[in-house]
Every structure is written in structure tokens, then in C-alpha cells.
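The primary structure of each chain is shown beneath.
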Amino acid sequence: VVEEGAGPLGEDLAQSIEDSGEFTIIDYDSEERAITATERGDIQATVVIPEGYDDDLRSGEVATVGYFSRPDAVVYQTVVMAEIDEQSTLVRAARFAEDEADATFDEGLALAQELAPSVSGVDVETKTVGESDFPFSNVGQFDIGASSQLVLFMFLTGLTGSAAIIESRRLGVAKRMLSTPTTAGSVVSGEALGRFGVVMVQGLYILLATLFVFGVDWGDPLGASAVMITFGAVCAGTALLMGTLFSNDEQASGIGVMLGIGVAALGGCMVPIEFFPDTIRTIAHITPHAWAMDAFAILLREDGTIADIARELAVLTGFAVVLVTIAGLRLRRAMTTF
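Here's what I pulled together on the structure shown here. (Residues numbered from 1 in each chain as written. Predicted model: local features only at pLDDT ≥ 70, side-chain atom pairs only at ≥ 80, totals over all residues. Heavy atoms only, no water.)

**A short note on the overall build of the protein**
Note the threshold: Helix numbers and strand numbers start at the N terminus; a helix is a DSSP run of H or I with at least 4 residues, a strand a run of E with at least 2. Classification of residues uses two cut-offs on accessible area relative to the type maximum, computed with a 1.4 Å probe and protein chains only: under 20% is buried, over 50% is exposed, and between them is partly exposed. Residues are treated as being in contact if the distance between any of their heavy atoms lies within 4.5 Å. Throughout, the Shrake-Rupley method with a 1.4 Å probe supplies accessible areas, and for residues the shown protein chains are the sole cover considered. Lys and Arg are tallied as positive, Asp and Glu as negative. Neither His nor the chain termini are counted. We put the charge of a Lys on NZ, of an Arg on CZ, of an Asp on CG and of a Glu on CD.
Looking only at helices and strands, one finds 14 helices and two strands in the protein. Its C-alpha atoms put the protein at 100 × 50 × 35 Å along the principal axes. Residue burial in the protein is summarised as follows: out of 338 residues, 40% are buried. In the protein, the share of contacts with a sequence separation of at least 24, taken over all contacts with a separation of at least 6, comes to 72%. With an accessible surface of roughly 18800 Å², the protein has 57% of that area assigned to carbon and sulfur atoms. Between the centroid of the 18 positive side chains of the protein and the centroid of its 47 negative side chains there is a distance of 27 Å.

Structural data, given as C-alpha cells:
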């Protein structure tokens, strides 16, 4: 803190910043030295209370307080601003008393400081009038984002996993498997289960990490598990299908990322689907993401159970069956065609 020549009010501000208990205060007699120390990392932030600060406030002039901080210490500004605002309130009260009650500034300031602790705060209450399209009153700060990130990254993980299938086809590994007693159906099933396993590891990691680190509420455990499993099957089917459509993993990676992010955005993973216009909301349900997000919303915001998301689970299962069937037929044909 630099407050040389700032006057009594400047000294009061410096003392209130120190009394906040948020900082260890070091007094500097030079703004230049304090800013240099901040730049070098010796201190985290500098508050400069200018010379004549007291005189400016008493005369009704604007007094500018300087604040300089390191990039990783900008949070300190909040505390400093709070102390400045508190003193500004007292100064305005003192000037009001001076103008309206024929008191001196010092008398008004002393009275304001005496009465300030006894002035009750303002209680703010909010309520929703009518029906809310986005009722999140019972939802924690991480609960909404967690489900969207789960759906997004499970799908992206599935798409990137298609590269392994492409490489297997390119090297002829899958075809050579058929020279063993292994059937084509077993090979296709193994590839599908492999993609499903990778996707589920990603999903479980996000679910458990957010549950234990951030305290995210996933709603009914059985329902959340069912959504994750059925959506994981969708991701596995998509990965299997992409693995049969492209000839190299560069194509799959490039198109997969664009496809994954684009479909996720349309399905409500970037912006809650409740914010979409009705038409876009309807179109969004051509994606499995929208159905998965609907299911998580019911479990989380409506305290639903697995029975309440039966429709969403049925649609996701349908997506998975269609994708896995088409991809399995294509992969089987690719392996058995010489």
C-alpha cells in the first residue's frame, strides 16, 4: 500500500484494507518501488492511495485509487473494491449531513461511522412468476455442466476410437483373424465391445470425479447408470460405423472432431436445450445427445427415477441398435470380402 500524503481518510482506507484480514500489508513510500516489486513478484498487488485523497473527498472531487496486480492475483481487487465502496458510503453520508443538516463534514462522518454498524442490510428475495422453462432452483453450480460434459466427451472418445478399427482394417488384422476358429460375428462383437469399454471408462471417470471432487448430484443412480450405458452403446456404434466409412485415421480424426462437436452443440451440450427456440429444440432430437440430456434433466431437476426416463432410454437403445447393426454388417462385409 502506498498512501503517503493521502490524509486521514487515506490512512483509514489503508487500515481497513489491512483489517480485512485478506492480506499481509507492506507499506511503501514510493509508487514506483511498489509497482516494481509487483512486477518482480515480490508482492502480489499494489494499492496506491493518491496524495490529496482526503482533500478531494472532502471537497466533493473524484479521487482515483490506483490498483496494480500480477495476473494470478486479480482476485485481490474484489476485497480492495469492497473497502473502497464502504468508505465511499460513509463519505456520501457525511456530505449529505453537511449539505442538508448544517453539520460539518467531520461531524457528519463521525455520525455515519457511529450509525453504520446499526444500519440493517437489505434483504433480497426472488421468486418466479408463472412457469419457468429453466427451473434450476434445486441444482448445484456444477450439476448442469457435468451431464453435458459427460455426453460430449463420451461421444468424442468414441469417435476417436474409430481410428483403431481403421488401422485394424488397413493392416488386414481383422481378415487374418478369420483364418482362426474365430467367427466374423465374434470379431465384430469384440470390436464393438472394445469401443464400448473405452467409452464407458471415459464416462465413469467423469461421473466419479465430478461426484467426489465437486459434489455433483447425478440423481437416481440406477437411472444415471442406465443413461450412461445406453449412450455408451450409441457412442460405440458410431465409432464402429466410422471405422468402416474411412480409409485412414487422419480422415476419421478430422471429421470425427467436427462431427462430434457439431452434433453435441445441436444436442444441447454447449447451451442448455431449454434455451433453444421450439423449432430448433425439435430438430435437436434427431441427435442422441438431446435424448441423453433430456434424461439427465429429468433425473436431476425433477428428481425422476429410471421409470420416468423409459422413453429416453428406449430412443437411445434404438439409436444404438441401428448404429451397431449397420456398422456390424459393413465391418463383416469388409472382413469377408477378398
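Structure shown, so let's carry the discussion forward.
**A look at the packing of helix H1 (residues 7-19) against helix H4 (residues 76-100)**
The following threshold applies: Fitted lines through C-alpha atoms serve as axes, helices being fitted only where they are in contact, and the angles separating the N-to-C directions of these axes extend from 0 to 180 degrees. Angles below 35 degrees are treated as roughly parallel, those above 145 as roughly antiparallel, those between 65 and 115 as roughly perpendicular, and all remaining angles as oblique. Should the near helix be turned anticlockwise from the far one by less than a right angle, the crossing is left-handed, and should it be turned clockwise, the crossing is right-handed. In this count, Pro and Cys sit with the nonpolar residues alongside Ala, Val, Leu, Ile, Met, Phe, Trp and Tyr, while Asp, Glu, Lys and Arg are called charged and the others, Gly among them, polar.
Viewed as axis vectors pointing N to C, H1 and H4 meet at an angle of 140 degrees, and their least axial separation amounts to 9 Å. Classified by the angle between their axes, H1 and H4 sit oblique to one another. Along this stretch, H1 crosses H4, giving a crossing that reads as right-handed. Along the contact surface, H1 presents Leu9, Asp12, Leu13, Ser16 and Ile17, while H4 presents Val80, Glu83, Ile84, Gln87 and Val91. A per-class count over the contact of H1 with H4 returns six nonpolar, two polar and two charged.

**Some words on the nonpolar core**
Defined as follows: Only buried Ala, Val, Leu, Ile, Met, Phe, Trp, Tyr and Cys residues count toward a nonpolar core, and they belong to the same one when joined by side-chain atoms within 4.5 Å.
Met154, Trp218, Val227, Phe231 and Phe296 are the most contacted members of the largest nonpolar core, which totals 46 residues. Elements represented by at least two residues in this core include exactly helix H6 (143-160), helix H7 (162-171), helix H9 (184-213), helix H10 (221-245), helix H11 (249-266), helix H13 (288-301) and helix H14 (310-336). In terms of residues, this core owes the most to one element, H10, which gives 10 residues. Apart from the residues within four sequence positions on either side, Phe231 is in contact with Val151, Met154, Phe155, Pro288, His289, Ala292 and Leu316.

**Structural notes on the packing of H10 against H13**
At a minimum axis separation of 10 Å, H10 and H13 run at an interaxial angle of 175 degrees. Considered as vectors, H10 and H13 are oriented roughly antiparallel to each other. Of the residues in H13, those touching H10 at Gly223, Ala224, Val227, Phe231 and Val234 are Pro288, His289, Ala292, Ala295, Phe296 and Leu299. Among the residues forming the contact of H10 with H13, the class breakdown is nine nonpolar, two polar and no charged.

**Describing a nonpolar patch on the surface**
What counts, and what does not: A patch is a set of surface residues, each over 30% in relative accessible area and not in a salt bridge, joined within 9 Å for like charges and within 5 Å for the nonpolar side chains Val, Leu, Ile, Met, Phe, Trp and Tyr. Put simply, a salt bridge is a Lys or Arg side-chain nitrogen that is within 4 Å of an Asp or Glu carboxyl oxygen.
Judged by side-chain polarity, Leu204, Leu208, Leu211, Phe212, Val213 and Phe214 come together as a nonpolar surface patch covering roughly 610 Å² of accessible area. Within the secondary structure, Val213 sits in helix H9.

**Side note on the pattern of salt bridges**
By the definition in use, this model includes five salt bridges. A salt bridge links Asp29 to Arg33; its shortest N-O distance comes to 3.0 Å. What makes Asp29 exposed here is its relative accessible area of 52%. In this structure, Glu98 engages Arg95 in a salt bridge whose closest nitrogen and oxygen atoms are separated by 3.9 Å. Taken together, the residues Glu98 and Arg95, both in helix H4 and three residues apart, mark about one turn of the helix.

**As for a negative patch on the surface**
Taken together, the side chains of Glu4, Glu18, Asp19 and Asp27 present a region of like negative charge at the surface. Topologically, Glu18 is positioned in helix H1.

**Thoughts on H4**
An α-helical turn contains 3.6 residues, so any two residues separated by three or four positions project in the same direction. Condition: Helix span, expected: 1.5 Å multiplied by one less than the number of residues in the helix.
When the terminal C-alpha atoms of H4 are compared, their 37 Å separation across 25 residues agrees well with the 36 Å that a helix rising 1.5 Å per residue should span. Buried within H4 are the following residues: Val79, Val80, Glu83, Ile84, Gln87, Leu90, Val91, Ala94 and Ala97. Against the buried residues of H4 lie H1, strand E1 (45-48), helix H3 (53-59), strand E2 (66-69) and helix H5 (105-115). Phi turns positive, to about 55 degrees, at Asp102, one or two residues after H4.

**So, the environment of Ile144**
Mapped onto the elements, Ile144 comes out in helix H6. Judged by relative accessible area, Ile144 falls into the partly exposed class, the value being 21%. Sequence spacing of Ile144 and Asp56 is 88 residues, and the spatial spacing of their C-alpha atoms is 49 Å.

**What to know about unusual backbone geometry**
Although it is not a glycine, Asp102 adopts a positive phi angle of roughly 55 degrees. Tracing the backbone shows Asp102 in the loop between H4 and H5. In this structure Asp102 comes out as exposed when scored by relative accessible area, which is 76%.

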